[in-house]
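# Close look at the chain arrangement
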Amino acid sequence: MIGQVYYVHIGAQAQTASKTLIEIASASSSVTLLERAQIGQNSFDTSENLGCKIQLITTTGTGTATTPVPAEAQNAAYGGTVKTNMTIEPSYTANKVMYQSGFNVLSGFLWTPANDDEVIAVAPSGLVGIMLDVAPSASMNFSYGATIRQVG
Amino acid sequence: MIDGQRLELWSDGQRLVVDRKKQPGIYRPRVTKLVARQEQGSVVVFIDDRRLEMTTPIAVKVGFSLCKNGGAWLEPDDRVLLEISGTEILLLPEIAVRLGGAILRKADRADDWQRETVH
């Protein structure tokens, strides 16, 4: 295995608005590969179509600093920065939507690359966001996360 | 944002350079086929009819450098240069990042293959 794998997971967090759930900033000396992204909820029992997108970011926003968990306990801490549950939205880079999809809140959303070429690479000091881009009709307790690999 | 950095090394008897270079005016792609593939314990990049085989350490360096130069500050008309024994290939920054990321993933698979196969 090349690089170190880290998990970012937030559990059952009430959300009422469209917002960036996770912002990942690659360290200046390493590349970050986004290998999984997921969104689900466990409090709303009716079908509802929401949307999410994964897009590159130009300017960071404000959110809760979150420490990625190493897949192997002895691994060093992730060198970049991860924020979740953004209160001030980042500025997304135009025409750099890497993935966008609707999903039923009862089923949740899961993205994994279909092949190696679809892995989203974040250059050193680059940023990427995972956003709930359609507001839920009512407060829902969302769990969401990402699996990232740091190389370099 | 970060600064780009030149990488120069030898692999498979070929001189490899990853750097930045200016290409004034409209971007003119000169490559129609660009494929990164894992072949057993190696990473192979096909660029049109050229075949470049890299060991995993070399692939990681090249993949990382492509991502780094593609994501770095760029001035107008800057492209990412991938030079193989004198043949220059100019890539748009976003393509360089994608190719670099794919090479890193292929290097990961090649590394797994080596661990499973070589005892």
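This section reports on the structure supplied with the text. (Residues numbered from 1 in each chain as written. Chains lettered and ligands numbered in written order. Predicted model: local features only at pLDDT ≥ 70, side-chain atom pairs only at ≥ 80, totals over all residues.)

### Details of the overall build of chain A
When helices and strands are tallied, chain A shows zero helices and 12 strands. Sequence-ordered secondary structure for chain A, helices as α and strands as β, is β-β-β-β-β-β-β-β-β-β-β-β. Along the first, second and third principal axes, the C-alpha set of chain A runs to 45 × 35 × 30 Å. Taken over 152 residues, chain A has a buried fraction of 39%. (Helix = DSSP H or I, 4+ residues; strand = E, 2+ residues; numbered from the N terminus. Buried ≥ 20, exposed ≤ 12 C-beta atoms within 10 Å, placed from the backbone.)

### Comments concerning the overall build of chain B
Across its full length, chain B carries two helices and seven strands. Mapped in sequence order, the helices and strands of chain B form the string β-β-β-β-β-α-β-β-α. Against the globule reference of 14 Å for 119 residues, chain B gives a C-alpha radius of gyration of 14 Å, in line with a compact fold. Its C-alpha atoms put chain B at 50 × 30 × 20 Å along the principal axes. Of all 119 residues assigned to chain B, the portion counted as buried reaches 40%. The long-range fraction of contacts in chain B, counting pairs at least 24 apart against all pairs at least 6 apart in sequence, stands at 70%. (Rg over C-alpha atoms; globule rule 2.2 N^0.38 Å. Contact = placed C-beta atoms within 7 Å.)

### Details of the interface of chain A and chain B
Interfaces are often sized by the accessible area lost when the parts come together. Facing 15 residues of chain A, the contacting portion of chain B comprises 20 residues. Of the residues belonging to the side of chain A that touches chain B, the class tally is nine nonpolar, four polar and two charged. (Nonpolar A, V, L, I, M, F, W, Y, C, P; charged D, E, K, R; others polar.)

### A few points about the sheet that holds strand β1 (residues 7-11) of chain B
All names here are of chain B. If you trace the four strands from one edge of the open sheet to the other, you get β1-β2-β6-β7, paired in antiparallel fashion. Each edge of the open sheet carries a strand with a single partner, namely β1 and β7 (87-91). The average angle at which neighbouring strand axes cross in this sheet is 20°, direction not considered. Seen against the sheet, helix α1 (residues 56-70) touches β1, β2 (14-22) and β6 (78-84) and runs at an angle of roughly 5° to β2. (Pairing = 2+ DSSP bridges. Axes fitted to C-alpha atoms, helices over the stretch in contact; angles between N-to-C directions.)

### A closer look at the sheet that holds strand β8 (residues 91-104) of chain A
All names here are of chain A. In space, the six strands of this open sheet follow the order β5-β7-β2-β11-β4-β8, with antiparallel pairing throughout. Looking at the sheet topology across the chains shown, the edges are occupied by β5 (62-65) and β8. Geometrically, the sheet is characterised by an average inter-axis angle of 25° between neighbouring strands, direction not taken into account. Here strand β2 (residues 19-25) runs beside strand β11 (residues 127-132); their pairing, made up of six bridges, is antiparallel. Across the sheet, the residue bridging to Thr20 is Met131, located in β11.

### Some details on the pairing of β7 of chain B
All names here are of chain B. Bridging between β6 and β7 involves five bridges; their strand directions are antiparallel. Pairing of Val80 across the sheet is with Leu91, part of β7. Counting the residues in the hairpin turn of β6 and β7 gives two residues, including Ser85, whose phi is positive at 45°.

### As for α1 of chain B
Along its 15 residues, α1 of chain B runs 21 Å from first to last C-alpha, staying within 8% of the 21 Å computed at 1.5 Å per residue. With 14 of 15 residues buried, α1 of chain B lies mostly within the body of the structure. (Expected span 1.5 Å × (residues − 1).)

### Examining the pairing of β6 of chain B
As paired strands, β2 of chain B and β6 of chain B are joined by seven bridges and run antiparallel to one another. Bridge pairing in β6 of chain B links Val18 of chain B to Leu82 of chain B.

### A short note on the packing of α1 of chain B against helix α2 (residues 93-117) of chain B
Residues and elements named next belong to chain B. Closest axis-to-axis distance for the α1/α2 pair is 7 Å, and the angle between their directions is 155°. It follows that α1 is roughly antiparallel to α2 by the angle criterion. Crossing of α1 over α2 shows left-handed handedness. Grouping the amino acids of the contact of α1 with α2 by side-chain chemistry returns 14 nonpolar, six polar and three charged. (Parallel < 35°, antiparallel > 145°, perpendicular 65-115°, else oblique. Left-handed = near helix turned anticlockwise from the far one by under 90°.)

### Topic: unusual backbone geometry
We note that Asn95 of chain A has phi near 60°; this positive angle belongs to a residue other than glycine. Tracing the backbone shows Asn95 of chain A in strand β8. A positive phi is found at Asp48 of chain B, a non-glycine position, where the angle reads about 50°. By secondary structure assignment, the location of Asp48 of chain B is in the loop between β4 (42-47) and β5 (50-54).

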